[in-house]
Amino acid sequence: MTARQTMAARVFGRLLPLSLLWALALPAAAWNAAGHRISAMIAWESMDVPTRDAVATILRQHPDFEQWLLRANGADPDLTAFLEASTWPDDIRRDKRFYTSGSEEPTPTQPGFPDMERRLNWHFVDRPVGRYERLLPSPGVIDQQLVALARTVGDRKEKLSARAYALPWLIHLVGDAHQPLHAASRYGPDGQSDQGGNKMTISNPLHAHASSISLHRYWDDLPAPPWLNGSRLHSTVIALISRHPAPAATGTPEQWIDESWQIASEHAYPPEVDAVPTITADFHNQALTIANRRVTEAGYRLAALLRKLLR
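We now turn to the structure provided with this report. (Residues numbered from 1 in each chain as written. Predicted model: local features only at pLDDT ≥ 70, side-chain atom pairs only at ≥ 80, totals over all residues. Heavy atoms only, no water.)

Along the protein, the regular secondary structure elements total eleven helices and four strands. Going through the 311 residues of the protein one by one, you find that 52% of them count as buried. Within the protein, residue pairs in contact and separated by at least 24 positions form 71% of the contacts whose partners lie at least 6 positions apart. Carbon and sulfur atoms form 54% of the exposed surface of the protein, whose accessible area is close to 14100 Å². (Helix = DSSP H or I, 4+ residues; strand = E, 2+ residues; numbered from the N terminus. Buried < 20%, exposed > 50% of the residue type's maximum accessible area, 1.4 Å probe, protein only. Contact = heavy atoms within 4.5 Å. Areas by Shrake-Rupley, 256 points an atom, 1.4 Å probe, with all protein chains shown as cover.)

The next point concerns unusual backbone geometry. Positioned with a positive phi, Arg119 is a non-glycine residue whose angle comes to about 55°. Along the chain, Arg119 falls in the loop between α5 (77-91) and β1 (127-129). Even without glycine at this site, Gln195 takes up a positive phi of about 55°. Topologically, Gln195 is positioned in the loop between β2 (184-186) and β3 (201-203).

Looking now at the pattern of salt bridges. Taken as a whole and assessed by the stated rule, the structure comprises 18 salt bridges. For Asp78, the salt bridge identified is with Arg60, shortest N-O distance 3.1 Å. A residue pair is termed long-range when its members are at least 10 positions apart, and Asp78 in helix α5 and Arg60 in the loop between α3 (49-59) and α4 (65-72) qualify at 18 residues. Overall, Arg60 belongs to the partly exposed group, its relative accessible area being 40%. The closest approach of N and O atoms between Glu259 and Arg294, which form a salt bridge, is 2.6 Å. Linking Glu259 in helix α10 (residues 253-268) with Arg294 in helix α11 (residues 281-310), this pair joins segments that are 35 residues apart in sequence. Each of the salt bridges in this network shares a partner with another, and the network as a whole consists of Arg37, Arg71, Glu84, Asp91 and Arg94. (Salt bridge = Lys/Arg side-chain N within 4 Å of Asp/Glu carboxyl O.)

Across all of its chains, the model carries ten aromatic pairs by this definition. Between Tyr218 and Trp219 the ring centres are 6.4 Å apart and the planes differ by 90°, which places this aromatic pair in the edge-to-face class. The residues Tyr218 and Trp219 share a single accessibility class, namely buried. (Phe/Tyr/Trp six-rings, centres within 6.5 Å; stacked < 30°, edge-to-face > 60°.)

Turning next to the nonpolar core. Among the nonpolar cores identified, the biggest contains 49 residues, and Val55, Phe82, Leu170 and Leu306 are the most heavily contacted of them. Of all the secondary-structure elements, those providing two or more residues to this core are α2 (33-46), α3, α4, α5, α6 (142-154), α7 (160-177), α10 and α11. Sort the elements by how many residues they give to this core and α7 lands first, with ten residues. Residues Ala210, Tyr218, Phe283 and Ile290 belong to the second largest nonpolar core, which totals 31 residues. (Core = buried A, V, L, I, M, F, W, Y, C linked by side-chain atoms within 4.5 Å.)

The next point concerns α2. End to end, α2 covers 20 Å across 14 residues, agreeing with the expected 20 Å (1.5 Å per residue, within 8%). Of all 14 residues in α2, 13 are buried, a share of seventy percent or more. At the N-terminal end of α2, a side-chain oxygen is found 3.1 Å from the backbone nitrogen of Ala34, two or three residues along, and the residue is Asn32. (Expected span 1.5 Å × (residues − 1). Polar contact = N/O pair within 3.5 Å; in protein donor to acceptor, adjacent residues only side chain to side chain.)

Moving on: the packing of α10 against α11. A pair of packed helices is characterised by two quantities: the angle between their axes and the separation of those axes. For the pair α10 and α11, the least separation of the axes is 12 Å and the interaxial angle reads 180°. Classified by the angle their axes make, α10 and α11 are roughly antiparallel. Between α10 and α11, the residues in contact are Trp256, Glu259, Ser260, Ile263, His267 and Ala268 and Phe283, Gln286, Ile290, Arg293, Arg294, Glu297, Arg301 and Leu305, respectively. (Axes fitted to C-alpha atoms, helices over the stretch in contact; angles between N-to-C directions. Parallel < 35°, antiparallel > 145°, perpendicular 65-115°, else oblique.)

This brings us to the packing of α6 against α7. Running from amino to carboxyl end, α6 crosses α7 at an angle of 140°, the nearest separation of the two axes being 8 Å. Between α6 and α7, the crossing angle belongs to the class labelled oblique. Both α6 and α7 take part in a crossing whose hand is left-handed. Mapping the contact onto sequence places Ile142, Gln145, Leu146, Leu149, Ala150, Thr152, Val153 and Gly154 in α6 and Ala162, Arg163, Ala166, Leu167, Trp169, Leu170, Leu173, Val174, Asp176 and Ala177 in α7. (Left-handed = near helix turned anticlockwise from the far one by under 90°.)

The structure is reproduced here in C-alpha cells:
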C-alpha cells in the first residue's frame, strides 16, 4: 500500500460513522456537499497534529458546534466538526435563523454570531469571459473575503468568537474559489450576467435524473453526488489522492481565482450549437477531470493555508 493509499484508508476509517451528506445544494452554491467534504477531508489528513488541534480549538467555540456533532454523529468530534464546517455556509441558506440581505428582513442576532446575514455574495466573483464585458462591478467579493477571513483566523489577538465564525467561511470559500464558475460569468451585449452559468440551461443526456439543469449546477455536482458515503466515498478519496499529489507550491487566493477564471474561459462552457447546449461525452470527461483536480487542490491548499495561519 502506498503512502497516499494509507492516508486514504485512514480517511475512510474515520468517515464511516458520519451520517449521509446533506441533500442537493441550492442553486448558486459551489460544489455540492460531497465536493466540499472531500476537500475538507483531504485538508484534514494533510495537516499536522498542532494545526488540527488549533483548528479544533477554534471550531469548538462556534455556536453550531454541538449541532454539527449531533447531526453527523461522527466518531472523531474534531474531524466531524471540520467536515460539517465545510458545508455550513451553504447549509445556512436553508436555516430560518438567517436572512438574505435585500430580500428578507433581518432576523434576531443569536449568541456567538456577529449577525445572521447569509452573505451570498461572499461565495463568488463575476469576472467576465467571452465576447462581452460587464458594465457594472461584480457583486461578488470572494477574492476580498478570502483575505479578510484568513487575517481573522490567524490573528491570535482577535476574539475567539470572531475566529470561530470566520473559520467555517474560510474552509468553505477555499473550496468555492476552485469551482471555475464561481470566478467567471458570461455577459450579454446588454451587460447582463449569466450568473456563473446559473442562467444557462444545458441538456445532459448522460445523466438520466438531471438531464435539464443549469450549467452551474452541472459543475457543482461533478466531483460526486451529494449523498456520496461509505465505500463509494472511500473509493473516490483514494482515487483523488492517488491521482493528484500535493502541489509543490500552494499559491495564493488570487492565483486560485485566476486559475478558475482561466478554466472557465477555456473549458467551462459547452459549444453553443443550440439554444440549450448539449453536454457531450468528450466535454463531460474533460469537465470531470478538471473538477476532480480542483477539489483535490482545494484540500491541499486549505491545509497549507491553515498551517501557515495557525502554526
